[in-house]
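Working through the structure, step by step
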Amino acid sequence: MSKPLKNFFLLIFFCLGFLLVKNTSALGADDCKPGYEWKPRSGVGCVQKNCNDIKDAHWGYTQNCVCGSSGSIHENPADPNKECYYPSDHKSCPGCVYACVHHDEECPGIKTEKESGKDDEKKTKKGEKSSGTAPEDKNTKINIASTSTVRPALSIQAAIKRTCKQYCEKLKMGGRYDEVLEASGKYPVCKCVVDIRGNNNMLVKTISQNGDKLTTHEFDPKTGSLIKKTTISRQEERERIRQQLGYKYSEEEIDALLDDKKIDKWFRFMVKDIDTRTSLLDPQFWWQHMVAILDHGYGNSADFVDTYKFGRCGDSMQWLERNLTNDTKLNGKKDLRSEAMLSITGEKYGNILNHVGLMIRPKGISNIAWADMVSELITKTQKGGMTKNYLKNVDPRLLNAKVLDPYFKKTTTVKEFIKGWSVIKIS
């Protein structure tokens, strides 16, 4: 937004603010809810008081309340690592952890989603009105009415039966003509042969794996002649990239952690109590922006959304990113949140108009490939951003990646998100 335009809006907001706002101070000790205490140097600000009194619970690195060995590099699946949370309207400790259970156990004292669904069905049959409204768009709009009152846990402990067929499919690079020629053996000792072909269906690479050894033959697509042959140990390469980048999870673990159904369920829960108005015709829209500017100016604040239950798109994205960072346990001193998520911003008219969302790492991409992709996207962003045409030539899996939009309370894809924006930036 240009400076004269910003000053014009600022003048209007301040004039309205003196008339309407009594107290819009930044988050502090007085803003902590019952059951919490203010610790300004913690990562969360308001810290749950009784965390250490709960069996198997303790304060994490950022002073958030966690269970068992949840979030540890050496997380033990035998520990009770699933946090059970009170609902956000709980009087004595809203949103607090009240128990720790194993991932295959239900939280004590809370109805399961199945039971709640049966109750809703009974009410509907009796002619009672159901709560909430129908989603505007079945594909992207979040159905808040179906959201559980228990905060969903994100965990790497997924009951996934892996096969060599699934494993060999991961060696493809997202091209239209990529093909698995052989997939045999018993996981994890697999034998794979995969052809990687360009847009013109010309052979570019052949990737062969036999157990731990992976060999790549690179070809000149014009002549078909061999250019280069490399052989590596997959295990050694995984460990090398993990140590080099500080990645916490293996690619199989990150896929389980960011499972589509888990993320959708988690996102529905997180935004169910957020009441951000997005229509320019709604007076509440202007009130929200005025309060935000008086509270923390043109920057963004995740704490603001926790306090007021609404926020501008930048506030909302940072708030969602902070929560997802905590729940994926990527909040330690050396953890990289880019391992699982990136912010994506669309800009036009010299950034007078913009919008931001949270892009989730697509499934099936190796740590090595993802690290290279993130590096390329951030480098292009630092040089001024990317156009839609540039992004059309990247790995197709990136274009189909899920984007969480907390401002509009919906999910979409990168392909849909970038429509209408002249510049795209990733961070």
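Read on for a plain summary of the structure. From a predicted model like this one, the values you see are computed outputs, not experimental measurements. (Residues numbered from 1 in each chain as written. Predicted model: local features only at pLDDT ≥ 70, side-chain atom pairs only at ≥ 80, totals over all residues. Heavy atoms only, no water.)

1. Some details on the side chain of Thr 381
To keep things clear, this is the line we draw: Numbering goes from the N terminus for both helices and strands, where a helix is a DSSP run of H or I of at least four residues and a strand is a run of E of at least two. Buried means the residue's accessible area, taken with a 1.4 Å probe over protein chains only, is under 20% of the maximum for its type, while exposed means over 50%, and partly exposed covers the values in between. Two N or O atoms count as a polar contact when they lie within 3.5 Å, although within protein this holds only if one can serve as hydrogen donor and the other as acceptor, and sequence-adjacent residues are included solely when both atoms are side-chain atoms. Contacts were defined at the residue level, with two residues in contact if any of their heavy atoms lie within 4.5 Å.
Position of Thr 381 relative to the elements: it lies in helix α10 (residues 367-382). Assessed through its relative accessible area of 15%, Thr 381 is described here as buried. Of the polar contacts made by the side chain of Thr 381, one reaches the backbone nitrogen of Ile 426; its length is 2.9 Å. Setting aside chain neighbours within four positions, we find Thr 381 in contact with Met 386, Lys 425 and Ile 426.

2. A look at the packing of aromatic side chains
Formally: Centres within 6.5 Å are what make two rings of Phe, Tyr or Trp a pair, Trp counting through its six-membered ring; a difference in plane orientation under 30 degrees is then read as stacked, over 60 as edge-to-face, and the rest as tilted. We call a charge positioned above a ring when the Lys NZ or Arg CZ atom is no farther than 6 Å from the ring centre and deviates by at most 35 degrees from the ring normal.
In total, this model carries seven aromatic pairs according to the counting rule given. A ring pair is formed by Phe 285 and Trp 286, whose centres lie 5.0 Å apart and whose planes are at 85 degrees; its orientation type is edge-to-face. With centroids separated by 5.8 Å and ring planes inclined at 35 degrees, the aromatic side chains of Tyr 308 and Phe 310 adopt a geometry described as tilted. Residue classification places Tyr 308 among the partly exposed residues on the basis of a relative accessible area of 22%. Using a relative accessible area of 8% as the deciding quantity, one classes Phe 310 as buried. By the ring-pair criterion, three or more aromatic residues cluster together here, those being Phe 304, Tyr 308 and Phe 310. Positioned above the aromatic ring of Phe 269 is the side chain of Lys 272, whose terminal nitrogen or guanidinium carbon lies 5.1 Å from the ring centre.

3. Some details on the pairing of strand β14 (residues 402-405)
Convention followed: Paired strands, in this sense, are two strands between which DSSP finds at least two bridges.
Side-chain alternation along β14 places Lys 402 and Leu 404 on one buried face and Val 403 and Asp 405 on a second face that is also buried. Pairing between strand β13 (residues 353-360) and β14: two bridges, direction antiparallel. Its bridge partner lying in β14, Leu 358 is registered against Leu 404. Pairing geometry for β14 and strand β15 (residues 410-413), over four bridges, is antiparallel. Within β15, the residue paired with Asp 405 across the bridge is Lys 410. Taking the residues between adjacent antiparallel strands as the criterion, β14 and β15 are bridged by four residues, where Lys 409 takes a positive phi near 55 degrees.

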